[in-house]
Amino acid sequence: MKFIISRYNPETDQEPFDQTFELDDALLSADSMLLDALHLLREQDPSIAYRSSCQEGVCGSDGMNVNGKNRLSCVTSLSELGQTITLRPLPGLPIIKDLIIDMTLFYKQYKAVKPYLETIPFNIEHEHLQSPEERAKLDGSYECIMCGCCSTSCPSFWWNPDQFAGPAALLAAKRFVVDSRDIKHIDRLKELDSPTQTFRCRHIQNCTEACPKGLIPSRAIQELKSIMVKSL
Amino acid sequence: MTFTNSFPIETFDALVIGAGGAGMRSALQLTEHGHKIAMISKVFPTRSHTVAAQGGVNAALGNVTPDKWEWHMYDTIKGSDFLGDQDAIEFMCREASEIVRELEHFGVPFSRLDNGKIYQRAFGGQSQNYGEEQAHRTCAAADRTGHAILHSLYQQNLRLGTTFYDEFYAVDLLKNQDGEINGVLVMNIHDGEYKILQSPHILLATGGAGQVFRNNTNASINTGDGLGMVLRAGYPLQDMEFWQFHPTGVAGKGMLISEAVRGEGGKLRNALGEAFMEKYAPRVKDLASRDVVARAIAIEVNEGRGCGPGKDYVQLDISHIPNDIITERLPGIREISQTFLGIDPVKDPIHVYPTCHYMMGGIPTNIAGQVVSPDKDGKQQPVKGLYAIGECACVSVHGANRLGGNSLLDIVVFGRKTALTIDEALKKTPAQHNQTLNLTPVVNRLNRWLTKAEDSSNDTVLQIKKDLQLVMEKGCGVFRDQPTMQKALKELNAIQARLETVCISDFSNVFNLERLSAYELENLVTIGYATVVSALARTESRGAHSRVDYTERNDDEWLKHTLYFQDNHTLTFKPVNLSPKHHAMVKPKPRVY
């Protein structure tokens, strides 16, 4: 199996270049994941840099561009990828080394939407009550693992990663807007009602195509728009 | 180039090393109290391994079945095979309800009951009224409870403005002229630069070390970095012979299949289709304690009743559970089965086998979270300036076997408690930073990894790690005996010798993951030793430590904790605490489920 990996070491390289690696098929099995192959390639060349941690698709470390699509290497089966696999860092953010990008702007946009519950003072005696129906409204957004696959596939985010919240941050924003326990949802909506926030989304839907967890950020953003129309 | 004793210094009131649930809960408390702290993490905080916890967090809320903290305490002590310290277990169980409500207040999206309260599911080893009916004590956010808790705690830390040092690796603890812990040397993984973070209060929350075994449920970052630092600083590790093998890891791969699957009604079956847990735990069956279920699966496979062409796994069957329950409560498990086994558990059983999951042992602490170590007279004394919480610590609330749902509880209870301990100390004595730190040991260590290989050598850090994992799996797995462990110890000596001579090949500075693996490997090897040496000494079977050559628990000789020191692999022992404050002692008795 052939791997074309984008390499870049800022200490020695002017710009990224492609390096080709071969991996003996005998080392792989029918159910090997892309991350398994990367670990084997690292045995050939210990300097190959990529992030990974949980290896089961919940920590969100190993987002990368695989044959043109943003994916998590640990939950991407090699059998879906063909005999030549091209790996590049997630697009649109600065490259630190090889497949590792600098996600500072991504995290900054996440933080900017105030992604934390604000609610009435803590009562030690009992929890907030929330009906199963109210709780169900959080499904599809709280599961986000912040891998960045969505935002780095979004052209609107590519143009203005310093200004546009991007799909991941807006998905987080929506999660708190619809949480029945939150008391700041009107303030949240006002802050999100801006040309650089919710309305920079052009509904291209790359985000939804890219999400390795099967979440639908584009729908969440549409819902935010609709809540704004009704509430503000 | 070589390193000299000169690094940039930054000073803090307190340092929290590790951004999992334990570190995050502490950091939140310390930041809220206005202290200048830094949270150091080798990965971005939400990548920490708490994120992978599935089933839930225990608290006697009594939302589904009647419950009391006293029953929770009893179950935990019994689950620990009576090795858990009863004062610490009592403290944890008494705090549980409040701390879970607090998590809910922080935004954790717990699943809900029709009356709006937090959903609680059945988990192994839980009972009402001291060993009677099954209790429903595990508060769950579907089967993603760890993710929900970790993200909510991170979000609350963002709200308060906690200072994070993301992708910084803590290399070693630093001592001052009086031999007291007063700082830590860290490496910025982004550029390979080192600096000293100086503080009179250093809290280790570095998590587990499951990477010491080949098949494990753990993230690749779980390399026991805090444990290695503590051993090198001359302090002990406690109860390192006790490793939990989770009964239901994905066979041959290791990903966790939550106990929640059995809590929601899942059944284990062997190749004959028998629901075999009825034989091993007639009363509670599939919801026996994890050590009991893991042994039962291993016995079924050893006796030839395993499934598949290699007869090397058993099946976890949930096909009788209604689809909507699976979708609502076990969506993550369904996803893992589809991704890694290519099966949909709604129709086909999941292939499972025990896999290393959790380290019951760790850095010994008291209830206040202070690291303790014996003085010259063998009396346990707090180590000034050093604290440990969560999986890296051994307080000990899990004893010889942890109950499912108690680790998420452990991290938040002792995370908060230890932050309060540090807060009190800072109120009494504000942080001062005029001390000289001894850098010689750590500088020697850094310089050792600058050596370039001679042409003849082709050993690698990655190869040694793989070999170590295999040695541990064969020598110290679910079942153990003297000859296999003795062999493992011999093999560890060979691995140690290779570790001392191996060189890395990449000397770059930006995201040099080979160098990082080398530092991690030093920690893993020393943890391998701690495990095998402690396990060889303990000539009894207790909880997760099952010896074929000593099959019974022996309270007369072994109702005590093991303390392992790195120097000459020395062991000492300390008594189990049997004196809870608000409840009568739970007397050790035979453990039957």
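Residues numbered from 1 in each chain as written. Chains lettered and ligands numbered in written order. Predicted model: local features only at pLDDT ≥ 70, side-chain atom pairs only at ≥ 80, totals over all residues.

### Thoughts on the sheet that holds strand 24 (residues 560-565) of chain B
All names here are of chain B.
Here is step 1: Strand order in the open sheet formed by three strands is 12-24-25, with antiparallel pairing between adjacent strands. A strand with exactly one partner marks an edge of an open sheet, and here the two such strands are strand 12 (237-238) and strand 25 (570-575).
Here is step 2: With six bridges joining them, strand 24 and strand 25 adopt antiparallel strand pairing. Within the sheet, the bridge partner assigned to L563 lies in strand 25 and is T572.
Here is step 3: In the packing of helix 15 (residues 513-537) onto the sheet, contacts are made with strand 12, strand 24 and strand 25, and the angle to strand 24 comes to roughly 140 degrees. (Pairing = 2+ DSSP bridges. Helix = DSSP H or I, 4+ residues; strand = E, 2+ residues; numbered from the N terminus. Contact = placed C-beta atoms within 7 Å. Axes fitted to C-alpha atoms, helices over the stretch in contact; angles between N-to-C directions.)

### Comments concerning the environment of V261 of chain B
All names here are of chain B.
Here is step 1: Within the element layout of this structure, V261 appears in helix 6 (residues 260-263).
Here is step 2: A residue is classified by how many C-beta atoms lie within 10 Å of it, and V261, with 29 of them, is buried.
Here is step 3: In sequence terms V261 and D317 are 56 residues apart; their C-alpha atoms lie 9.0 Å from each other.
Here is step 4: Discounting chain neighbours no more than four positions away, the residues touching V261 are T248, G266, L316, I318, L330 and I333. (Buried ≥ 20, exposed ≤ 12 C-beta atoms within 10 Å, placed from the backbone.)

### Things to note about the domain arrangement of chain B
All names here are of chain B.
Here is step 1: What the domain assignment reports for chain B is domain 1 (9-242 + 360-433), domain 2 (249-354) and domain 3 (438-554).
Here is step 2: The C-alpha-based centres of domain 1 and domain 3 are spaced at 25 Å.
Here is step 3: Residue-level contacts link 33 residues of domain 1 with 32 residues of domain 3.
Here is step 4: Breaking the side of domain 1 that touches domain 3 down by element, the ones donating at least two residues are strand 8 (168-176) and helix 5 (225-232). (Domains from an automatic or database assignment.)

### Thoughts on the sheet that holds strand 14 (residues 267-269) of chain B
Residue and element names in this part refer to chain B.
Here is step 1: Read across the sheet, four strands follow the order 13-16-15-14 without closing on themselves; strand pairing throughout is antiparallel. Taken across any chain shown, the strands that pair with only one partner, and hence form the sheet edges, are strand 13 (243-250) and strand 14. Averaged over all pairs of adjacent strands, the angle between their axes in this sheet comes to 45 degrees, without regard to strand direction.

### Here we look at the interface of chain A and chain B
Here is step 1: Contacts between the two partners involve 41 residues from chain A and, on the opposite side, 45 residues from chain B.
Here is step 2: At the level of elements, strand 6 (95-97) and helix 3 (132-136) of chain A are the ones that each hand at least two residues to the side of chain A that touches chain B.

### Side note on the pairing of strand 2 (residues 14-17) of chain B
Residue and element names in this part refer to chain B.
Here is step 1: Residues A14 and V16 line one face of strand 2 and the alternating positions L15 and I17 line the opposite face, and both faces are buried.
Here is step 2: Relative to strand 3 (residues 37-41), strand 2 runs parallel, the two sharing four bridges. Bridge pairing in strand 3 places A14 opposite I37.
Here is step 3: Handedness of the crossover joining strand 2 and strand 3 through helix 1 (residues 21-32) is recorded here as right-handed. (Right-handed = clockwise from strand over helix to strand, strands pointing away.)

### Section: the packing of helix 14 (residues 482-501) of chain B against helix 15 of chain B
Residue and element names in this part refer to chain B.
Here is step 1: In the contact formed by helix 14 and helix 15, the axes pass within 10 Å of each other and the chain directions differ by 155 degrees. On the basis of the axis angle, helix 14 is roughly antiparallel to helix 15. Two packed elements cross with a definite hand, and for helix 14 against helix 15 that hand is left-handed. Residues Q482, M485, Q486, A488, L489, L492, I495, Q496 and L499 of helix 14 pack against L521, E522, V525, G528, Y529, V532, A535 and L536 of helix 15.
Here is step 2: Of the residues belonging to the contact of helix 14 with helix 15, the class tally is 12 nonpolar, four polar and one charged. (Parallel < 35°, antiparallel > 145°, perpendicular 65-115°, else oblique. Left-handed = near helix turned anticlockwise from the far one by under 90°. Nonpolar A, V, L, I, M, F, W, Y, C, P; charged D, E, K, R; others polar.)

### Some details on unusual backbone geometry
Here is step 1: A cis amide bond links V395 of chain B to the next residue, S396 of chain B, at an omega of -5 degrees.
Here is step 2: When you line up the elements, S396 of chain B lands in the loop between strand 20 (393-394) and helix 11 (406-428).
Here is step 3: A positive phi angle, near 75 degrees, is found at Q205 of chain A, a position not held by glycine.
Here is step 4: Along the chain, the position of Q205 of chain A falls in the loop between helix 6 (185-192) and helix 7 (206-210).
Here is step 5: A count of 17 C-beta atoms within 10 Å places Q205 of chain A in the partly exposed class.
Here is step 6: With a phi angle near 60 degrees, E167 of chain B is a residue other than glycine that sits in the positive phi range.

### Looking at the domain arrangement of chain A
Residue and element names in this part refer to chain A.
Here is step 1: When the domains of chain A are assigned, the result is domain 1 (2-101) and domain 2 (104-231).
Here is step 2: Its C-alpha centre places domain 1 at a distance of 29 Å from the equivalent point of domain 2.
Here is step 3: Taken together, the contacts link 14 residues of domain 1 with 14 residues of domain 2.
Here is step 4: The class makeup of the residues in the side of domain 1 that touches domain 2 is seven nonpolar, five polar and two charged.

### What to know about the packing of helix 13 (residues 461-475) of chain B against helix 14 of chain B
All names here are of chain B.
Here is step 1: Look at helix 13 against helix 14: their axes get within 9 Å of each other, and the N-to-C directions meet at 170 degrees. Between helix 13 and helix 14, the interaxial angle falls into the category roughly antiparallel. The segment helix 13 lies against helix 14, with I464, D467, L468, V471, M472, K474 and G475 engaging T484, M485, K487, A488, E491, L492, I495, R498 and L499.
Here is step 2: Among the residues making up the contact of helix 13 with helix 14, the classes are represented as nine nonpolar, two polar and five charged.

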